[in-house]
Amino acid sequence: MSVPKATLFKARLLEHGKVYVANKKELAYIPDHSTAGPSAGLDCVFFGFEKKLVRLSLSPMDDGCSYIPGEGLRFQGETYPVVEVESVLHCPRQAFLNLDSNCRYGCLFCATPLLSSHVNRRVMRDEVVVRIVERVRRRIEGVALTTGVFDTPEESVKHMARVVKALREHFGDSLPIGVEPLVTEKRHVNLLYEAGADEIKVNVESFDPKTFRIVCPELDYRLNLEMVRYAAEVFGDNRVCSNIIVGLGEPEASVDEGARVLADWGVVASLRPLTLHPLVMGRLNEATGGRAARPNADRMIRHALKHRDVLEERGIDTRKFKTMCLKCTACDIVPQKDL
Ligand code: SF4
Ligand code: SF4
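A quick note: this is a predicted structure, and the numbers were derived from the prediction, not measured.

### Structural notes on the site of ligand 1
Then, in step 1: In the neighbourhood of ligand 1, the contacting residues comprise Cys-103, Tyr-105, Gly-106, Cys-107, Cys-110, Thr-112, Pro-113, Gly-148, Val-149 and Leu-182.
Then, in step 2: Here the residues of the shell around ligand 1 are counted per class, giving seven nonpolar, three polar and no charged.

### Considerations on the packing of helix α4 (residues 153-171) against helix α5 (residues 186-195)
Then, in step 1: Orientation of α4 relative to α5, taken along the N-to-C sense of each, is 10°, at an axis distance of 8 Å. Between α4 and α5, the crossing angle belongs to the class labelled roughly parallel. Within the contact between the two elements, α4 uses Pro-153, Val-157, Lys-158, Met-160, Ala-161, Val-164 and Lys-165 and α5 uses His-188, Leu-191, Leu-192 and Ala-195.
Then, in step 2: By residue class, the composition of the contact of α4 with α5 is eight nonpolar, one polar and two charged.

### Topic: the sheet that holds strand β10 (residues 94-98)
Then, in step 1: In space, the seven strands of this open sheet follow the order β9-β10-β11-β12-β13-β14-β15, with mixed pairing throughout. Looking at strand neighbours, the two that pair on one side only are β9 (90-91) and β15 (267-273), the edges of this open sheet.
Then, in step 2: Examined bridge by bridge, strand β13 (residues 199-201) and strand β14 (residues 240-246) share two bridges and lie parallel to one another. In the strand pairing of β14, Ile-200 is matched with Val-240.
Then, in step 3: Relative to β15, helix α10 (residues 297-314) is tilted by about 175°, and along the sheet it contacts β14 and β15.

### Topic: the nonpolar core
Then, in step 1: Val-164 and Leu-192 are the most contacted members of the largest nonpolar core, which has 99 residues in total.
Then, in step 2: The contact partners of Val-164, leaving out residues within four places of it in the chain, are Ile-177, Val-179, Leu-192, Ala-195, Gly-196 and Ala-197.

### Some points on the domain arrangement of the protein
Frequently, the measure chosen for interface size is the accessible area removed from exposure when the parts meet.
Then, in step 1: Per the domain assignment, the segments of the protein are domain 1 (5-85) and domain 2 (90-328).
Then, in step 2: Summarising the inter-unit geometry, the C-alpha centres of domain 1 and domain 2 are found 23 Å apart.
Then, in step 3: Every contact between the two is made by 17 residues of domain 1 and, on the other side, 18 residues of domain 2.
Then, in step 4: It is helix α1 (residues 5-16) that contributes the most residues to the side of domain 1 that touches domain 2, five residues altogether.
Then, in step 5: Taken together, the residues that form the side of domain 1 that touches domain 2 break down as nine nonpolar, five polar and three charged.

### Let's talk about unusual backbone geometry
Then, in step 1: For Met-324, which is not glycine, the phi dihedral falls at a positive 60°.
Then, in step 2: Residue placement: Met-324 occurs in helix α11 (residues 324-328).
Then, in step 3: In this structure Met-324 comes out as buried when scored by C-beta crowding, with 26 C-beta atoms within 10 Å.
Then, in step 4: Positive phi, normally seen in glycine, also occurs at Gln-336, with a value near 70°.
Then, in step 5: Structurally, Gln-336 can be placed in the segment after α11.

### Re α4
Then, in step 1: Taking 1.5 Å per residue, 19 residues should reach 27 Å; α4 reaches 26 Å between its end C-alpha atoms and fits that length.
Then, in step 2: Considering only its buried residues, α4 is in contact with α3 (126-136), β11 (142-146), β12 (177-180) and α5.

### A look at helix α7 (residues 221-235)
Then, in step 1: Counted at 1.5 Å a residue, the expected span for α7 with its 15 residues is 21 Å, and the 21 Å between its end C-alpha atoms agrees.
Then, in step 2: If you check which residues of α7 are buried, you get Asn-224, Leu-225, Met-227, Val-228, Ala-231, Ala-232 and Phe-235. The buried side chains of α7 occupy one side of the element, clustering within an arc of 150° when seen end-on. Exposed residues on α7 whose side chains face more than 90 degrees from its buried face are Arg-222, Leu-223 and Glu-233.
Then, in step 3: Those residues of α7 that are buried lie in contact with α5, β13, β14, α8 (252-265) and β15.
Then, in step 4: Gly-236 sits one or two positions beyond α7 and adopts a positive phi of about 90°.

Rules used throughout
Residues numbered from 1 in each chain as written. Chains lettered and ligands numbered in written order. Predicted model: local features only at pLDDT ≥ 70, side-chain atom pairs only at ≥ 80, totals over all residues. Near = placed C-beta within 6 Å. Nonpolar A, V, L, I, M, F, W, Y, C, P; charged D, E, K, R; others polar. Axes fitted to C-alpha atoms, helices over the stretch in contact; angles between N-to-C directions. Helix = DSSP H or I, 4+ residues; strand = E, 2+ residues; numbered from the N terminus. Parallel < 35°, antiparallel > 145°, perpendicular 65-115°, else oblique. Contact = placed C-beta atoms within 7 Å. Pairing = 2+ DSSP bridges. Core = buried A, V, L, I, M, F, W, Y, C linked by C-beta atoms within 7 Å. Buried ≥ 20, exposed ≤ 12 C-beta atoms within 10 Å, placed from the backbone. Domains from an automatic or database assignment. Expected span 1.5 Å × (residues − 1). Arc of directions from axis to C-beta.

What follows is the structure, given as C-alpha coordinates:
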(Lines give C-alpha, C1' and ligand atoms only; values in the text may rest on other atoms or scores of the structure.)
(Ligands and ions follow the chains in the order given, each with its own letter.)
Protein backbone atom coordinates (compact mmCIF):
# COMPACT_ATOMS: atom_id res chain seq x y z
CA MET A 1 0.00 0.00 0.00
CA SER A 2 1.29 3.45 -0.83
CA VAL A 3 2.02 5.82 2.02
CA PRO A 4 0.34 9.27 1.82
CA LYS A 5 2.73 12.05 0.80
CA ALA A 6 1.94 14.07 3.92
CA THR A 7 2.85 11.08 6.11
CA LEU A 8 6.19 10.66 4.35
CA PHE A 9 6.81 14.37 4.88
CA LYS A 10 5.97 14.04 8.57
CA ALA A 11 8.34 11.06 8.91
CA ARG A 12 11.14 13.03 7.25
CA LEU A 13 10.52 15.95 9.59
CA LEU A 14 10.53 13.60 12.59
CA GLU A 15 13.82 12.12 11.40
CA HIS A 16 15.30 15.63 11.23
CA GLY A 17 13.67 16.59 14.55
CA LYS A 18 14.48 20.29 14.60
CA VAL A 19 13.76 23.57 12.90
CA TYR A 20 15.53 26.90 12.61
CA VAL A 21 13.56 30.12 13.02
CA ALA A 22 15.57 33.26 12.17
CA ASN A 23 13.30 35.66 14.04
CA LYS A 24 11.53 33.97 16.95
CA LYS A 25 9.50 37.12 17.60
CA GLU A 26 7.56 36.36 14.41
CA LEU A 27 6.27 33.06 15.81
CA ALA A 28 2.51 33.09 16.40
CA TYR A 29 2.84 31.19 19.70
CA ILE A 30 5.38 30.99 22.49
CA PRO A 31 7.44 27.79 22.03
CA ASP A 32 6.68 24.97 24.43
CA HIS A 33 9.35 24.32 27.07
CA SER A 34 8.62 21.05 28.91
CA THR A 35 10.21 19.46 31.95
CA ALA A 36 9.36 15.93 30.80
CA GLY A 37 9.02 13.98 27.57
CA PRO A 38 11.33 13.51 24.62
CA SER A 39 12.39 17.15 24.34
CA ALA A 40 12.47 18.06 28.03
CA GLY A 41 14.17 21.41 28.51
CA LEU A 42 14.17 22.25 24.79
CA ASP A 43 12.00 24.90 23.11
CA CYS A 44 9.60 23.27 20.66
CA VAL A 45 7.09 24.39 18.05
CA PHE A 46 4.12 22.44 16.67
CA PHE A 47 3.26 22.52 12.98
CA GLY A 48 0.11 21.27 11.29
CA PHE A 49 -0.45 20.25 7.65
CA GLU A 50 -3.07 18.02 6.00
CA LYS A 51 -4.45 16.77 9.35
CA LYS A 52 -0.94 15.89 10.54
CA LEU A 53 0.81 17.37 13.53
CA VAL A 54 4.55 17.44 14.18
CA ARG A 55 6.64 18.80 17.00
CA LEU A 56 10.13 20.10 16.22
CA SER A 57 12.68 21.53 18.61
CA LEU A 58 14.17 24.92 17.82
CA SER A 59 17.66 24.71 16.40
CA PRO A 60 20.24 27.52 16.76
CA MET A 61 21.25 27.09 13.11
CA ASP A 62 19.76 26.24 9.76
CA ASP A 63 20.85 22.73 8.92
CA GLY A 64 18.23 21.91 6.33
CA CYS A 65 14.93 22.80 7.96
CA SER A 66 13.78 26.34 8.64
CA TYR A 67 10.43 27.98 9.26
CA ILE A 68 9.50 31.26 7.66
CA PRO A 69 6.33 32.57 9.34
CA GLY A 70 3.70 33.30 6.71
CA GLU A 71 5.49 31.17 4.08
CA GLY A 72 6.01 27.70 5.51
CA LEU A 73 8.68 25.15 6.26
CA ARG A 74 11.71 25.22 4.04
CA PHE A 75 12.95 21.65 4.17
CA GLN A 76 15.74 20.19 2.06
CA GLY A 77 15.37 22.84 -0.61
CA GLU A 78 11.56 22.86 -0.94
CA THR A 79 8.95 25.01 0.79
CA TYR A 80 5.88 23.35 2.30
CA PRO A 81 2.82 25.25 3.52
CA VAL A 82 2.29 24.53 7.22
CA VAL A 83 0.48 26.31 10.03
CA GLU A 84 1.78 26.86 13.51
CA VAL A 85 -0.37 25.10 16.09
CA GLU A 86 -0.81 26.43 19.60
CA SER A 87 0.51 24.32 22.44
CA VAL A 88 -1.79 24.90 25.41
CA LEU A 89 0.21 23.22 28.17
CA HIS A 90 2.93 21.05 26.61
CA CYS A 91 0.81 20.11 23.58
CA PRO A 92 -2.20 21.23 21.51
CA ARG A 93 -5.74 20.79 22.92
CA GLN A 94 -4.51 19.29 26.21
CA ALA A 95 -3.15 20.33 29.56
CA PHE A 96 -0.29 17.84 29.94
CA LEU A 97 1.34 18.54 33.29
CA ASN A 98 4.42 17.15 35.00
CA LEU A 99 3.55 16.84 38.69
CA ASP A 100 7.12 16.40 39.91
CA SER A 101 10.03 17.80 37.96
CA ASN A 102 12.61 15.57 39.64
CA CYS A 103 13.28 11.84 39.41
CA ARG A 104 15.54 9.53 41.41
CA TYR A 105 16.01 7.11 38.51
CA GLY A 106 18.63 7.58 35.88
CA CYS A 107 17.16 6.17 32.68
CA LEU A 108 19.90 6.96 30.21
CA PHE A 109 17.69 8.48 27.48
CA CYS A 110 15.79 10.76 29.86
CA ALA A 111 16.79 14.35 30.58
CA THR A 112 14.15 14.94 33.30
CA PRO A 113 16.40 14.17 36.31
CA LEU A 114 19.17 16.32 34.85
CA LEU A 115 17.00 19.41 34.54
CA SER A 116 16.00 19.57 38.16
CA SER A 117 17.61 19.09 41.56
CA HIS A 118 16.60 19.07 45.22
CA VAL A 119 17.05 22.83 45.12
CA ASN A 120 14.80 23.71 42.21
CA ARG A 121 12.44 20.73 42.41
CA ARG A 122 8.90 21.70 41.48
CA VAL A 123 5.92 19.73 42.78
CA MET A 124 2.38 20.61 41.69
CA ARG A 125 -0.19 20.28 44.44
CA ASP A 126 -3.73 19.19 43.55
CA GLU A 127 -5.31 22.60 44.10
CA VAL A 128 -2.67 24.22 41.89
CA VAL A 129 -3.36 21.72 39.10
CA VAL A 130 -7.11 22.38 39.32
CA ARG A 131 -6.47 26.15 39.08
CA ILE A 132 -4.13 25.75 36.10
CA VAL A 133 -6.59 23.51 34.25
CA GLU A 134 -9.47 25.88 35.05
CA ARG A 135 -7.49 28.70 33.43
CA VAL A 136 -7.11 26.85 30.11
CA ARG A 137 -10.39 24.91 30.27
CA ARG A 138 -11.89 26.44 27.13
CA ARG A 139 -8.86 25.58 25.01
CA ILE A 140 -8.50 21.90 25.95
CA GLU A 141 -10.24 18.59 25.35
CA GLY A 142 -8.37 16.58 27.95
CA VAL A 143 -5.91 16.56 30.84
CA ALA A 144 -2.81 14.40 31.11
CA LEU A 145 -0.51 13.96 34.08
CA THR A 146 3.02 12.66 34.20
CA THR A 147 5.50 12.66 37.04
CA GLY A 148 9.09 12.03 37.98
CA VAL A 149 9.69 9.83 41.02
CA PHE A 150 11.46 11.90 43.65
CA ASP A 151 10.90 9.59 46.61
CA THR A 152 9.19 6.24 45.85
CA PRO A 153 6.83 5.10 43.09
CA GLU A 154 4.23 4.66 45.86
CA GLU A 155 4.48 8.32 46.91
CA SER A 156 4.34 9.65 43.36
CA VAL A 157 1.35 7.43 42.50
CA LYS A 158 -0.50 8.53 45.64
CA HIS A 159 0.15 12.16 44.77
CA MET A 160 -1.04 11.59 41.20
CA ALA A 161 -4.19 9.85 42.47
CA ARG A 162 -4.95 12.84 44.72
CA VAL A 163 -4.64 15.15 41.72
CA VAL A 164 -6.89 12.93 39.57
CA LYS A 165 -9.51 12.90 42.34
CA ALA A 166 -9.40 16.67 42.71
CA LEU A 167 -9.77 17.14 38.94
CA ARG A 168 -12.71 14.71 38.85
CA GLU A 169 -14.42 16.47 41.73
CA HIS A 170 -13.97 19.85 40.10
CA PHE A 171 -14.66 19.03 36.44
CA GLY A 172 -16.89 15.95 36.74
CA ASP A 173 -16.83 13.85 33.58
CA SER A 174 -16.41 16.83 31.27
CA LEU A 175 -12.67 16.26 30.83
CA PRO A 176 -10.97 12.92 30.09
CA ILE A 177 -7.93 12.33 32.29
CA GLY A 178 -4.85 10.36 31.25
CA VAL A 179 -2.03 9.40 33.61
CA GLU A 180 1.58 8.43 32.95
CA PRO A 181 3.06 7.12 36.22
CA LEU A 182 5.84 4.73 37.10
CA VAL A 183 3.94 1.83 38.67
CA THR A 184 5.66 -1.03 40.44
CA GLU A 185 2.70 -2.72 42.15
CA LYS A 186 -0.73 -3.72 40.94
CA ARG A 187 -2.40 -1.59 43.57
CA HIS A 188 -0.76 1.50 42.04
CA VAL A 189 -2.77 0.85 38.89
CA ASN A 190 -5.91 0.25 40.97
CA LEU A 191 -5.39 3.49 42.90
CA LEU A 192 -5.27 5.59 39.75
CA TYR A 193 -8.24 3.82 38.18
CA GLU A 194 -10.32 4.22 41.34
CA ALA A 195 -9.35 7.90 41.56
CA GLY A 196 -11.03 8.41 38.18
CA ALA A 197 -8.31 8.18 35.49
CA ASP A 198 -9.70 7.23 32.06
CA GLU A 199 -6.47 6.23 30.36
CA ILE A 200 -3.03 5.17 31.50
CA LYS A 201 0.41 5.09 29.94
CA VAL A 202 2.90 2.62 31.38
CA ASN A 203 6.07 2.82 29.36
CA VAL A 204 7.89 -0.29 28.15
CA GLU A 205 10.77 1.95 26.92
CA SER A 206 12.52 -0.98 25.21
CA PHE A 207 10.97 -4.38 24.51
CA ASP A 208 14.44 -5.85 24.03
CA PRO A 209 15.50 -7.02 27.54
CA LYS A 210 19.20 -6.46 26.89
CA THR A 211 18.64 -2.88 25.74
CA PHE A 212 16.22 -2.24 28.61
CA ARG A 213 18.82 -3.28 31.18
CA ILE A 214 21.35 -0.93 29.62
CA VAL A 215 19.10 2.13 29.38
CA CYS A 216 16.95 1.63 32.50
CA PRO A 217 19.51 0.07 34.86
CA GLU A 218 17.44 0.72 37.98
CA LEU A 219 14.12 -0.62 36.68
CA ASP A 220 12.91 -4.21 36.43
CA TYR A 221 12.10 -5.40 32.88
CA ARG A 222 9.73 -8.22 33.85
CA LEU A 223 7.91 -6.26 36.51
CA ASN A 224 7.46 -3.36 34.13
CA LEU A 225 5.84 -5.57 31.49
CA GLU A 226 3.68 -7.18 34.14
CA MET A 227 2.43 -3.71 35.08
CA VAL A 228 1.55 -2.91 31.45
CA ARG A 229 -0.41 -6.13 31.18
CA TYR A 230 -2.19 -5.56 34.46
CA ALA A 231 -3.06 -1.97 33.47
CA ALA A 232 -4.79 -3.40 30.38
CA GLU A 233 -6.83 -5.77 32.57
CA VAL A 234 -7.99 -2.89 34.75
CA PHE A 235 -8.49 -0.10 32.20
CA GLY A 236 -9.56 -2.27 29.22
CA ASP A 237 -8.92 -2.07 25.45
CA ASN A 238 -8.10 1.27 23.85
CA ARG A 239 -7.27 2.88 27.20
CA VAL A 240 -3.69 1.81 27.79
CA CYS A 241 -0.68 2.99 25.85
CA SER A 242 3.06 2.65 26.24
CA ASN A 243 6.19 4.15 24.74
CA ILE A 244 8.60 1.85 22.97
CA ILE A 245 11.60 3.96 22.05
CA VAL A 246 13.04 3.32 18.60
CA GLY A 247 16.77 3.92 18.15
CA LEU A 248 18.37 2.73 21.38
CA GLY A 249 20.43 0.16 19.48
CA GLU A 250 17.76 -2.57 19.85
CA PRO A 251 17.21 -5.19 17.12
CA GLU A 252 14.63 -3.78 14.70
CA ALA A 253 12.43 -6.90 15.07
CA SER A 254 12.09 -6.33 18.82
CA VAL A 255 10.14 -3.12 18.18
CA ASP A 256 7.57 -4.89 15.98
CA GLU A 257 7.42 -7.80 18.41
CA GLY A 258 6.82 -5.43 21.34
CA ALA A 259 4.03 -3.63 19.48
CA ARG A 260 2.43 -7.01 18.67
CA VAL A 261 2.63 -8.40 22.20
CA LEU A 262 1.17 -5.20 23.62
CA ALA A 263 -1.65 -5.23 21.05
CA ASP A 264 -2.48 -8.80 22.14
CA TRP A 265 -2.99 -7.37 25.61
CA GLY A 266 -5.16 -4.52 24.24
CA VAL A 267 -2.40 -1.92 24.58
CA VAL A 268 -1.22 0.54 21.93
CA ALA A 269 2.49 1.21 21.71
CA SER A 270 3.74 4.65 20.75
CA LEU A 271 6.80 3.82 18.64
CA ARG A 272 8.77 6.86 19.64
CA PRO A 273 11.85 7.98 17.71
CA LEU A 274 14.72 8.48 20.13
CA THR A 275 15.60 12.08 20.89
CA LEU A 276 19.33 12.36 21.37
CA HIS A 277 18.98 15.16 23.89
CA PRO A 278 22.24 17.11 24.29
CA LEU A 279 22.24 16.34 28.03
CA VAL A 280 22.09 12.56 27.56
CA MET A 281 23.86 12.05 24.24
CA GLY A 282 27.31 11.33 25.70
CA ARG A 283 26.27 8.74 28.27
CA LEU A 284 23.81 7.04 25.92
CA ASN A 285 26.43 6.68 23.21
CA GLU A 286 28.89 5.29 25.68
CA ALA A 287 26.43 2.77 27.14
CA THR A 288 25.17 1.54 23.76
CA GLY A 289 28.56 1.46 22.09
CA GLY A 290 27.55 4.28 19.74
CA ARG A 291 24.46 2.43 18.47
CA ALA A 292 21.91 4.95 19.79
CA ALA A 293 20.59 6.99 16.85
CA ARG A 294 17.37 8.66 15.83
CA PRO A 295 15.66 6.30 13.35
CA ASN A 296 15.27 7.42 9.76
CA ALA A 297 11.92 8.07 8.07
CA ASP A 298 11.88 4.70 6.26
CA ARG A 299 12.30 2.79 9.50
CA MET A 300 9.52 4.77 11.21
CA ILE A 301 7.16 4.07 8.31
CA ARG A 302 8.08 0.36 8.26
CA HIS A 303 7.27 -0.05 11.95
CA ALA A 304 4.06 1.96 11.68
CA LEU A 305 2.74 -0.09 8.74
CA LYS A 306 3.32 -3.38 10.56
CA HIS A 307 1.84 -1.92 13.73
CA ARG A 308 -1.29 -0.77 11.92
CA ASP A 309 -1.95 -4.28 10.56
CA VAL A 310 -1.49 -5.77 14.03
CA LEU A 311 -3.86 -3.25 15.65
CA GLU A 312 -6.49 -3.85 13.01
CA GLU A 313 -6.26 -7.62 13.39
CA ARG A 314 -6.72 -7.19 17.13
CA GLY A 315 -9.58 -4.64 16.77
CA ILE A 316 -7.68 -1.86 18.56
CA ASP A 317 -8.16 1.74 17.48
CA THR A 318 -5.72 4.57 18.19
CA ARG A 319 -8.47 7.08 17.28
CA LYS A 320 -10.35 6.18 20.45
CA PHE A 321 -7.71 7.65 22.76
CA LYS A 322 -8.71 10.96 24.28
CA THR A 323 -5.51 12.02 26.05
CA MET A 324 -1.71 11.91 25.96
CA CYS A 325 0.42 11.03 22.95
CA LEU A 326 -2.11 9.06 20.89
CA LYS A 327 -4.46 12.02 21.02
CA CYS A 328 -1.65 14.48 20.29
CA THR A 329 0.34 12.50 17.62
CA ALA A 330 3.10 15.14 17.23
CA CYS A 331 6.13 12.96 18.04
CA ASP A 332 5.38 9.70 16.22
CA ILE A 333 3.93 8.19 13.06
CA VAL A 334 0.64 7.01 14.55
CA PRO A 335 -1.04 4.05 12.81
CA GLN A 336 -4.69 4.66 11.80
CA LYS A 337 -4.19 8.40 12.24
CA ASP A 338 -1.14 9.12 10.10
CA LEU A 339 -1.40 6.06 7.86
S1 SF4 B 1 11.62 6.85 35.65
FE2 SF4 B 1 13.22 7.03 34.06
S3 SF4 B 1 12.12 7.76 32.21
FE4 SF4 B 1 10.77 8.16 33.99
S5 SF4 B 1 11.23 10.29 34.59
FE6 SF4 B 1 12.51 8.92 35.85
S7 SF4 B 1 14.48 8.80 34.73
FE8 SF4 B 1 12.91 9.59 33.30
S1 SF4 C 1 3.20 13.20 21.23
FE2 SF4 C 1 3.30 13.02 23.47
S3 SF4 C 1 5.39 13.66 24.04
FE4 SF4 C 1 5.00 14.38 21.94
S5 SF4 C 1 4.25 16.48 22.21
FE6 SF4 C 1 2.47 15.15 22.08
S7 SF4 C 1 1.95 14.65 24.18
FE8 SF4 C 1 4.04 15.44 24.18
